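Residues per chain are reported as follows:
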Amino acid sequence: QPELRRALEQLGRGAIFARAASEEEKDFNHKITEVIKAINQLAQRKIGALIVFERETGLTDYVESGVSIGAQISSELLINIFTPNTPLHDGAVMIRGNQLLAAGCYLPLSENPFISKELGTRHRAAIGMTEVSDAVVVIVSEETGQVSLSINGQVVRDIKEESLISKLFEELKPSTRTKKIPFWRRRRRHGG
């Protein structure tokens, strides 16, 4: 996926990534790369998928509704989970940090009467999840192969790859505000 690598490299050159990449950043970049690879394959093959990224709101009840996986995220694992006629293909995958916690999870369906009638259960579940939590949810439609993104009870349909990568980085990037830079690094960074 040279386009994906190029997009991630361009993001990596930005001011946000000015400081040396820590292990956490490498793990985060790996997670996003693997998820995007899986989404691209699933979309091309029109295989439906629901991928939930936990943020501040704990999603343990939803995680426990599925089958515990507890594995490092890989595109191959995600593709296998969502392949039709496999035991876990229905439901959502739950991701916390860099771990794929569970698959086949049930999400709350949105009761919003203003949601387009074109949207099926997968989209209603994604919107419902983001109405009751601060989770970020990626949806792949099995009818069209389109990729959508749901945040804060809203859904962006047919999101393009560059926009999806950018939004995932923006919404999921580990906060740098809580980290303190040791004084010896601060000096070095300022040329002192």
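The structure displayed is predicted, hence computed values, not measured ones.

Thoughts on the overall build of the protein
Phase 1 of the analysis: Counting secondary structure elements, the protein contains seven helices and seven strands.
Phase 2 of the analysis: Starting at the N terminus, the α and β elements of the protein follow one another as α-α-β-α-β-α-β-β-α-β-β-β-α-α.
Phase 3 of the analysis: Within the protein, counting contacts between residues at least 6 apart in sequence, those at least 24 apart form 61% of the total.
Phase 4 of the analysis: Accessible surface for the protein amounts to roughly 10900 Å². Of this, 49% is attributable to carbon and sulfur atoms.

As for the environment of E24
Phase 1 of the analysis: Positionally, E24 belongs in helix α2 (residues 23-44).
Phase 2 of the analysis: The sequence separation of E24 and N98 amounts to 74 residues, and the corresponding C-alpha distance is 9.2 Å.

Structural notes on the confidence of the model for the protein
Phase 1 of the analysis: Put simply, the protein has an average pLDDT of 85, and 81% of its residues get 70 or more.
Phase 2 of the analysis: Contacts from residues 15-20, a stretch scored under 50 in pLDDT, to residues over four places away or in other chains number 11 contacts.
Phase 3 of the analysis: Here residues 176-192 is modelled with pLDDT under 50, and outside its nearest four sequence neighbours on either side it reaches seven contacts, counting other chains as well.

Structural notes on the sheet that holds strand β2 (residues 67-72)
Phase 1 of the analysis: Spatially, β2-β4-β3-β1-β5-β6-β7 is the arrangement adopted by the seven strands of the open sheet, whose pairing is mixed. Lying at the two open borders of the sheet, with one neighbouring strand each, are β2 and β7 (154-156). Neighbour-to-neighbour, the strand axes of the sheet open up by a mean angle of 20°, direction not taken into account.
Phase 2 of the analysis: Pairing between strand β1 (residues 49-53) and strand β5 (residues 136-140): five bridges, direction antiparallel. Paired with A49 across the two strands is V140, which belongs to β5.
Phase 3 of the analysis: Contacting β1, β2, β3 (92-96) and β4 (99-105), helix α4 (residues 75-82) crosses the sheet at an angle of about 5° to β4.

What about the environment of V138?
Phase 1 of the analysis: Examined against the element boundaries, V138 turns out to sit in strand β5.
Phase 2 of the analysis: For V138, a relative accessible area of 0% gives the class buried.

Regarding the pairing of β4
Phase 1 of the analysis: Counting buried positions along β4 gives six out of seven residues, so the element sits mostly inside the fold.
Phase 2 of the analysis: Across four bridges, β2 lies against β4 in antiparallel orientation. For Q72, the partnering residue across the bridge sits in β4 and is Q99.
Phase 3 of the analysis: Relative to β4, β3 runs antiparallel, the two being bridged by four bridges. Across the sheet, residue R96 finds its bridge partner in β4, namely Q99.

Details of helix α5 (residues 121-132)
Phase 1 of the analysis: Counted at 1.5 Å a residue, the expected span for α5 with its 12 residues is 16 Å, and the 16 Å between its end C-alpha atoms agrees.
Phase 2 of the analysis: Three or more residues of α5 are buried, namely H123, A125, A126, I127, G128, M129 and T130.
Phase 3 of the analysis: Buried-residue contacts for α5 involve β1, α3 (60-63), β5, β6 (147-151) and β7.

What counts and how
- Residues numbered from 1 in each chain as written.
- Predicted model: local features only at pLDDT ≥ 70, side-chain atom pairs only at ≥ 80, totals over all residues.
- Heavy atoms only, no water.
- Helix = DSSP H or I, 4+ residues; strand = E, 2+ residues; numbered from the N terminus.
- Contact = heavy atoms within 4.5 Å.
- Areas by Shrake-Rupley, 256 points an atom, 1.4 Å probe, with all protein chains shown as cover.
- pLDDT = per-residue confidence, 0-100.
- Pairing = 2+ DSSP bridges.
- Axes fitted to C-alpha atoms, helices over the stretch in contact; angles between N-to-C directions.
- Buried < 20%, exposed > 50% of the residue type's maximum accessible area, 1.4 Å probe, protein only.
- Expected span 1.5 Å × (residues − 1).

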